[in-house]
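Letter by letter, the chains look like this.
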Amino acid sequence: MPNRKPPRILSEAQQSLTFTRRAMFLGAAQAGVGLVLAGRMAWLSVAENERYSLLSESNRVNLTLIPPRRGWIVDRYGKPIAINRTDFRVDLIPDRVTDESRVVGTLADLLNLDEDERERILTELKDAAGYQPVQVSGGLTYEQYAAISVRMPELAGAAPARGFSRFYPDGAAVGHLVGYVGAASAADYEKTRDTLLITPGFKVGKAGIEKVLDAEMRGKPGARRTEVTARGKLVRELATRSDVAGQTIKLTIDAGLQAFAARRIGVQSGCAVVIDCTNGDILALTSMPSYDPNSFSDGISQGEWAMLSDNDHLPLLNKAMQGLYPPGSTFKPITALALQGAGVDPEEVVYCNGGYQLGNRRFACLGRHGPMNLHRAIAKSCNTYFYTMGRRIGIEKIAEVAGIMGLGKEFPLPMPSQKYGTVPDAEWKQRRHKQQWSQSDTLNTSIGQGYLQVTPLQLAVMVSRVASGRALEPRLIARRGDAAPQPLPFPPEHVAAVRSGMDEVVNGNGTAGRSRLQLDGIRLGGKTGTAQVRNFKGGARSGYGIPWKFRDHGLFIGFAPVDNPRYAVAVVIEHGMSGSGAAAPIASDCMLYLFDPAKAMEKLTGLEAGWGGDIGTRMTAEAQAYRAARAAAADPATAAAQAEAAQAEAAAANAANMAAPPPPPSPAATHPADNAAHNVIEEAE
Amino acid sequence: MSGPSFVPAPLAQLPWRLLMLVGFIAIFGLVVLYSAAGGHLKPWAFSQGLRFMVFVGMALVLSRIPEQFWKAAAFPLYIGILVLLILVELLGFVGGGSQRWLDLGIIRIQPSEMMKLAIVLALARFYDLLPVGDIRRWRAIWPPAVAIGVPAFLVMLQPDLGTALMIIAGGLTVMFLAGLPLRLFVGGGAALAVIAPIAFFFLLHDYQRNRVLIFLDPESDPLGAGYHISQSKIAIGSGGIFGKGFLNGSQSHLDYLPEGHTDFVFATMAEEWGLIGGLLLIAAFILVVRWGVTLSQRVDGKFARLVSAGLATTIFFYVAINLMMVMGLAPVVGIPLPLFSFGGSAMMTVMICVGILMGIERSNRPRGRFG
């Protein structure tokens, strides 16, 4: 660098000064950093102390919700219909599982789960929404539960819990009435973000009373605060707040009668509704065949689900509230009330020559009844009389009385859905079919055919109102101190005339003479009905020769005792061919049970022997037959996997069967929980 | 410093102020390690205490070594340690994986740790030898730059970013104190601002880059790589002013705080002793450093001045980098808190610093009445 000015020559002293200055600068800088560190520390521990304390606590403390014990459902006498049983279970929380195959493998070894179960758990883990618990197994023994609990540190994501499972002692007999429970769906959780919903073992009502009164029965969850290490090892329990059990729901149902009615329907497809004539309490509300709510509560297998939905007796439909049937002749009491109200003298005689001529159309009667007054027309179920009188008073009066008696109405019951049915009139037909009301419509309606559609529950309400003369409102929840229901807006003698005709039906020269109560001093009054399902020419309409599903429905409404009605009953047997043959005996036996249970049970036991056992035995047998058939029918070319599954299932069922004959319907031995099936059933509701 | 006359002279001549500060830090550390082990001497507190006593003895021995020895040994020491560094690198290469130490059976030597000291001694010696007039010449710059660059590069290869940075920082400190033109440092800082992003993308390992990214936003991955910083801040923040109390730290006892006895031991302490404990510890460290820097002002000779200020700053870098890391002000680099963290290497390095500093103080003490 010759061109540039020579560097400044520094003396030793100058350099020493430089050093001193720079060392002081360095010291100051170090002190400054020290201050920054102290300030940072003060910021973290003072200004942000609250936030970090919270984070530290949430690290330290693990809050586990304890699912509340669900409220019981009991009958009017306090007999349990739905209760809780202690059980040990283990679930997997997908979000917390780090090594799926290892954790599932260890659990499977501990619990002796087979290969299929492992597959199911792995598949469900993959499909689940992360926070949704996947059930590994329910109904563990205490030893298994303890074995998993002590291995928690190596089983990341596993959640063993001691919980309660729902148990319905009467099984299928109460299926449609109380519904069933199941794990909350992802949609439920998204809606409320209530962590209780994703707590393993927590169940919500999915159908029936369980669903509608879920909030009352749910209760409040307890919580367990535990101190845990970063690896999930429990250090100690800090505090436990016990759960608050849900409310017990007391129903108006008489559990004994409910079970009796369900069993008495037997192998048929039908329903029976019994109402207390003094206050409207529903004593029985059965629809058969049904599903076993116990097997739904544990999650239902694909096979079980398929069996239920394939059944032409519709076990998944609550026929008592959602089945719609033409009432047939059971409607005649309403026509009888209407015509009296319109001023027709009940003693006026109509001559039945086997039918009624309207223009060039002939409306047939079931017989040639000769001279008929109101009383005998009810007893004999003479169509000609009701054609004549119905046409005279007109549809509006009939429809009005039908409405007063409860047809076409919905009742305030804690059930998810009821159907209204149809009580047609001129205005309705114009609106619905854009057609004029015709005289033949009036004739058809007068005898309970045509556009009329009612539910068995409505029929039961109707007959309870006829029997009591009061505007009874049906109810399912037991309450005290309700005001006595208002009398019906008809002169009592009109209603009495109808009742006397219904007395004659059973106890006189009527259509249901075979269904008299075998009791001293207690008479059953009623009315049979046979509802056409399809119009057949001539006399073939109710024969055995036609396919089951085209046969007529058999209906019966009744009350007892005739002199001072206490109970009212409605029974509908689908495709039962006649009311007197199929429905009236069941209604009569239900009444018998109310007055003399022992005698009724004796009769039932005899009948069940001929049907192949009680409901549980028959359902198990049916399930096995179904599986065997499905296994045989499965086509290996198109659905090899399905066939394999079905066979495995059938084999398992056989094995279970051989191991423990006779097989009771055990919820513990049922099949894997199946979310798909759950979803379908939710849609089906 | 002189004590009452009944104290034996060699004892009275010891720099008690420094020894008491160091002792306070180490004993406080033992208390924290005792708590971190759940209230047990094992596995940490006992062996750490033993180790500390050995190193105190070593420092006292070192304090008897006169300044002249270090002057003479500066270059050979540097070269020897550089050779060891290369050896470690080769061994690591042969062994297939990164290795940082040489196992001599009795003791494990971590040459990169020793290099932090050797670089200060070597550069101090270099500027000591450099004629006064040459300080603004090129020849005052390039040899130290090479002397810093080579070991730093080797350590970076290990890979140990924290130690490499400390070697560079220690070297630069000596260069700065030696009186190199200020514009070099200002310009260097500006150049660093340009180079840093480039280095970030091309020189750093993936995991190192990741650490920097997570440092910038630890909450982005609270359960993964940001876990250390998050949990450490939770521990410090939840301690509050007075702490949760001795043996009551949940973050450390329940294993939420990783490395709670080594690199993150400050967080373990802060959780139980709070802001009060933290400030005391920071103050103690700053006073130790200040002792060294003040010493550099008192002593004669360029070598002694540069060494005492340089070694004090080395201790400072340890503390500052570690504390910034545990408080979320710097990325996670594996620098322990000297004397406080469980482990021998950092304690050894710092106790050697302390020993050399005491030796320099002793060599430069004006001959007093005991002279």
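Provided above is the structure to which this section pertains.
Described below are features of the structure shown in this document. As the structure is a prediction and not an experimental result, all values here were calculated from the model.

1. Re the overall build of chain A
The helix and strand inventory of chain A stands at 26 helices and 19 strands. Considering chain A as a whole, with its 685 residues, one finds that 52% of them fall into the buried category. Looking at chain A alone, contacts between residues at least 24 apart form 72% of all its contacts between residues at least 6 apart. As displayed, chain A offers around 30600 Å² of accessible surface, 53% of which is attributable to carbon and sulfur atoms.

2. Observations concerning the overall build of chain B
Along its length, chain B carries 14 helices and 2 strands. Counting all 371 residues of chain B, 55% fall into the buried class. Here the analysis covers contacts within chain B between residues at least 6 apart in sequence; of these, 72% occur between residues at least 24 apart. When the accessible area of chain B is evaluated, it comes to approximately 15800 Å², of which 71% is carbon and sulfur surface.

3. Quick look at the interface of chain A and chain B
Taken together, the 42 residues of chain A in the interface contact 55 residues of chain B. Summing both partners gives a buried area of about 4100 Å² for chain A against chain B, and 66% of it is carried by carbon and sulfur. Our count for the contact surface shared by chain A and chain B stands at 0 salt bridges. Of all the elements in the fold, those that place two or more residues in the side of chain A that touches chain B are α1 (12–47), α2 (49–60) and β8 (222–228) of chain A. In terms of residues, the side of chain A that touches chain B owes the most to one element, α1 of chain A, which gives 24 residues.

4. Re the nonpolar core
Residues and elements named next belong to chain A. One finds Leu285 and Tyr385 to be the most contacted residues of the largest nonpolar core, which totals 129 residues. Here this core spans two domains, since at least three of its residues come from each of domain 1 (62–250) and domain 2 (326–449). Residue contacts for Leu285: discarding those within four places in its chain leaves Leu177, Ile253, Gln258, Ala272, Val273, Ala320, Met321, Met415, Leu457 and Leu476.

5. Considerations on the pattern of salt bridges
Pairing of side chains with opposite charge becomes possible as their charged atoms draw close. Residue and element names in this part refer to chain A. By the definition in use, this model includes 31 salt bridges over all chains. One salt bridge in this structure joins Asp99 and Arg102, with 3.3 Å as the shortest N-O distance. A salt bridge links Arg263 to Glu608; its shortest N-O distance comes to 2.9 Å. Placement of Arg263 in helix α10 (residues 255–265) and of Glu608 in helix α23 (residues 597–611) is noted, with a sequence separation of 345 residues between them. Classification of Glu608 as buried rests on a relative accessible area of 5%. By sharing partners, the salt bridges in this structure join Arg70, Arg166, Glu210, Asp214 and Arg218 into a single network.

6. Some words on the sheet that holds strand β19 (residues 567–573) of chain A
All names here are of chain A. What the 5 strands build is an open sheet, ordered β12-β11-β19-β18-β17; its pairing is antiparallel. Single-partner strands in this sheet number two, and they are β12 (282–288) and β17 (525–531). The mean angle between the axes of side-by-side strands here comes to 10°, regardless of whether they run parallel or antiparallel. Of the strand pairs in this sheet, strand β11 (residues 270–276) and β12 are connected by 6 bridges, and their pairing is antiparallel. Each residue of the ladder has a partner; that of Gly270, found in β12, is Met288.

7. Let's talk about the packing of aromatic side chains
A complete count under the given rule lists 23 aromatic pairs over all chains for this structure. An angle of 45° between the planes, with centres 6.1 Å apart, marks the rings of Tyr356 of chain A and Tyr387 of chain A as tilted. Taken together, the residues Tyr356 of chain A in strand β14 (residues 355–358) and Tyr387 of chain A in helix α16 (residues 383–393) connect sequence positions 31 residues apart. The exposure class assigned to Tyr356 of chain A is buried, which follows from its relative accessible area of 14%. Look at Phe176 of chain B and Phe185 of chain B: their rings are 5.3 Å apart centre to centre, the planes differ by 90°, and that puts the pair in the edge-to-face class. According to the relative accessible area criterion, Phe185 of chain B is partly exposed, its value standing at 23%. Ring pairs connect the aromatic residues Phe24, Phe28, Tyr34, Phe246, Trp273 and Phe340 of chain B, which therefore count as one cluster. We note Arg51 of chain A situated over the ring of Tyr52 of chain A; from NZ or CZ to the ring centre the distance is 4.8 Å. Directly above the ring of Tyr77 of chain A sits Arg76 of chain A, whose terminal nitrogen or CZ lies 5.8 Å from the centroid.

8. Observations regarding helix α21 (residues 492–507) of chain A
Residue and element names in this part refer to chain A. Its 16 residues give α21 an end-to-end C-alpha distance of 22 Å, which sits within 8% of 22 Å, the value for a rise of 1.5 Å per residue. Turning to α21, its buried residues are His494, Val495, Ala497, Val498, Arg499, Gly501, Met502, Asp503, Val505 and Val506. In the core, the buried residues of α21 are packed alongside α14 (332–341), α15 (374–380), α20 (456–468), β17 and β18 (553–560).

9. Comments concerning the packing of α1 of chain A against helix α13 (residues 302–326) of chain B
Put simply, α1 of chain A and α13 of chain B touch, their axes get as near as 11 Å, and they point 15° apart. Taken together, α1 of chain A and α13 of chain B sit at an angle that is classed as roughly parallel. Remark: the crossing between α1 of chain A and α13 of chain B carries left-handed chirality. Only Lys302, Arg305, Leu306, Ala309, Thr313, Phe316, Ala320, Leu323 and Met324 of chain B of α13 of chain B make contact with α1 of chain A, whose side of the interface consists of Glu12, Gln15, Ser16, Phe19, Thr20, Leu26, Gln30, Val33 and Leu37 of chain A.

10. As for a nonpolar patch on the surface
A cluster of nonpolar side chains, namely Val46 of chain A together with Phe24, Ile241, Phe242, Ile276 and Leu280 of chain B, defines an oily patch on the protein surface of about 560 Å² accessible area. When you line up the elements, Ile276 of chain B lands in helix α12 (residues 265–298). What makes Ile276 of chain B partly exposed here is its relative accessible area of 40%.

11. What to know about the environment of Ala235 of chain B
All names here are of chain B. On the secondary structure map, Ala235 appears in helix α10 (residues 227–239). Overall, Ala235 belongs to the buried group, its relative accessible area being 0%. C-alpha of Ala235 to C-alpha of Met327: the two residues are 92 residues apart in sequence and 9.8 Å apart in space.

Thresholds, definitions, all that
- Residues numbered from 1 in each chain as written.
- Chains lettered and ligands numbered in written order.
- Predicted model: local features only at pLDDT ≥ 70, side-chain atom pairs only at ≥ 80, totals over all residues.
- Heavy atoms only, no water.
- Helix = DSSP H or I, 4+ residues; strand = E, 2+ residues; numbered from the N terminus.
- Buried < 20%, exposed > 50% of the residue type's maximum accessible area, 1.4 Å probe, protein only.
- Contact = heavy atoms within 4.5 Å.
- Areas by Shrake-Rupley, 256 points an atom, 1.4 Å probe, with all protein chains shown as cover.
- Buried area = accessible area lost by both parts, 1.4 Å probe.
- Salt bridge = Lys/Arg side-chain N within 4 Å of Asp/Glu carboxyl O.
- Core = buried A, V, L, I, M, F, W, Y, C linked by side-chain atoms within 4.5 Å.
- Domains from an automatic or database assignment.
- Pairing = 2+ DSSP bridges.
- Axes fitted to C-alpha atoms, helices over the stretch in contact; angles between N-to-C directions.
- Phe/Tyr/Trp six-rings, centres within 6.5 Å; stacked < 30°, edge-to-face > 60°.
- Lys NZ or Arg CZ within 6 Å of the ring centre and 35° of its normal.
- Expected span 1.5 Å × (residues − 1).
- Parallel < 35°, antiparallel > 145°, perpendicular 65-115°, else oblique.
- Left-handed = near helix turned anticlockwise from the far one by under 90°.
- Patch = residues over 30% accessible without salt bridge, like charges linked within 9 Å, V, L, I, M, F, W, Y side chains within 5 Å.

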